[in-house]
Amino acid sequence: MKGELEQTLLRNLNYVKERIAIACNKVARKPEDIKILGASKRQSPEKIRFLYNYGITLFGENYVQEAEEKITALEDLSIEWHFIGRLQTNKVKRAIKLFHMIETVDRKELALELEKRLSKENKTMPILLEVNIGGEPTKGGIRVEELESFCEVIQQLKHLEVRGLMCLPPLEEDANRVRPYFVKMRELFERFKPFFGESFRELSMGTSHDFEVAIEEGATIIRLGSILFGPRL
Ligand SMILES: *Cc1c(COP(=O)(O)O)cnc(C)c1O
């Protein structure tokens, strides 16, 4: 018999999948084209393992130290790990060893440090550019006005493979009020695609509060925390 925790996680997952299917249906998209990323900060390795056994293979962590412990504890699983927090330059060396993708490249200093460390290791790394789509001074992310000059710099960095864009828009009680930000992200995505070509294909947006709206507006990766795992520790 399944334990209580496992049952809860399975129920959460089925509920999320139903809602994804409904959102996809509205806009004639296929659920297979939406990747669910389990945002696992302050969630136990045990929960990650259960979700993995039910088919979730992509997880995102916000803190290098915390991630290192979990990634080690879950080494036997083929998890794809994304970094989705604010990356300090002094953590870059560890981050490129631990993660398969950095979703939050948001400043030149960070891009240059990544390039330096990756070229030393003779390794390339998929990244997303984080956009500060709400223009919020307290948040990370490249400002929309600076995105073009940022892309020009990034294009020169041969060890970074830009796969797309990511954002964390302003929190709104009503998910529909986030829609204009997602629409804007989609427009930026189309506009900057020619810079990077075919490998530029991911749009990481939408959390527990607004993933359906994000799907309707073109998200390819949705980052789900509390709705999947339950409340964080
Ligand atoms: C925590 C986090 C999420 C998930 O948030 P929930 O509201 O729990 O779904 C998504 N993206 C980022 C960048 C996060 O830090």
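A brief report on the enclosed structure follows. (Residues numbered from 1 in each chain as written. Predicted model: local features only at pLDDT ≥ 70, side-chain atom pairs only at ≥ 80, totals over all residues. Heavy atoms only, no water.)

**Some words on the environment of Asp33**
Selection criterion: Counting from the N terminus, the helices are DSSP H or I runs at least four residues long and the strands are E runs at least two residues long. Here's how the labels work: a residue is buried when its accessible area is under 20% of the maximum for its type, exposed when over 50%, partly exposed in between, all with a 1.4 Å probe on protein chains only.
Summarising the element assignment, Asp33 is placed in the loop between α1 (4-26) and β1 (35-39). Residue Asp33 is classed as partly exposed on the basis of its relative accessible area, which comes to 40%. With 188 residues separating them along the chain, Asp33 and Ile221 place their C-alpha atoms 8.7 Å apart.

**A closer look at the nonpolar core**
For soluble globular proteins, the rule of thumb is that nonpolar side chains tend to be buried together. Threshold: For our purposes a nonpolar core is just a set of buried Ala, Val, Leu, Ile, Met, Phe, Trp, Tyr and Cys residues, chained together by side-chain atoms within 4.5 Å. Should any heavy atoms of two residues lie within 4.5 Å, those residues are counted as being in contact.
In this structure, Phe99, Ile102, Leu129 and Ile154 are the most contacted members of the largest nonpolar core, which totals 71 residues. Among residues more than four places away in sequence, those in contact with Ile102 are Phe83, Leu87, Ala95, Leu114, Met125, Pro126, Ile127 and Leu128. The next biggest cluster of nonpolar side chains, apart from the first, holds five residues, and it includes Leu37, Ala39, Leu58 and Ile84.

**Thoughts on the pairing of strand β3 (residues 80-83)**
How we decide: By this definition, two strands are paired if DSSP reports at least two bridges between them. Handedness of a crossover: with both strands directed away from the viewer, a clockwise path from the first strand across the helix to the second marks it as right-handed.
Pairing of strand β2 (residues 58-61) with β3, which is carried by four bridges, proceeds in the parallel orientation. Looking at β3, one finds that Gly60 is bridged to His82. You can see the chain leave β2, run along helix α3 (residues 64-73) and come back into β3, and the turn it takes is right-handed. Summarising the sheet, β3 and strand β4 (residues 101-105) pair through two bridges and their orientation is parallel. Bridging across to β4, Phe83 finds its partner in Ile102. Chirality of the crossover, the property in question, places the unit of β3, helix α4 (residues 92-98) and β4 among those that are right-handed.

Note that every value here comes from positions in space, so none of it alone points to a role or purpose.
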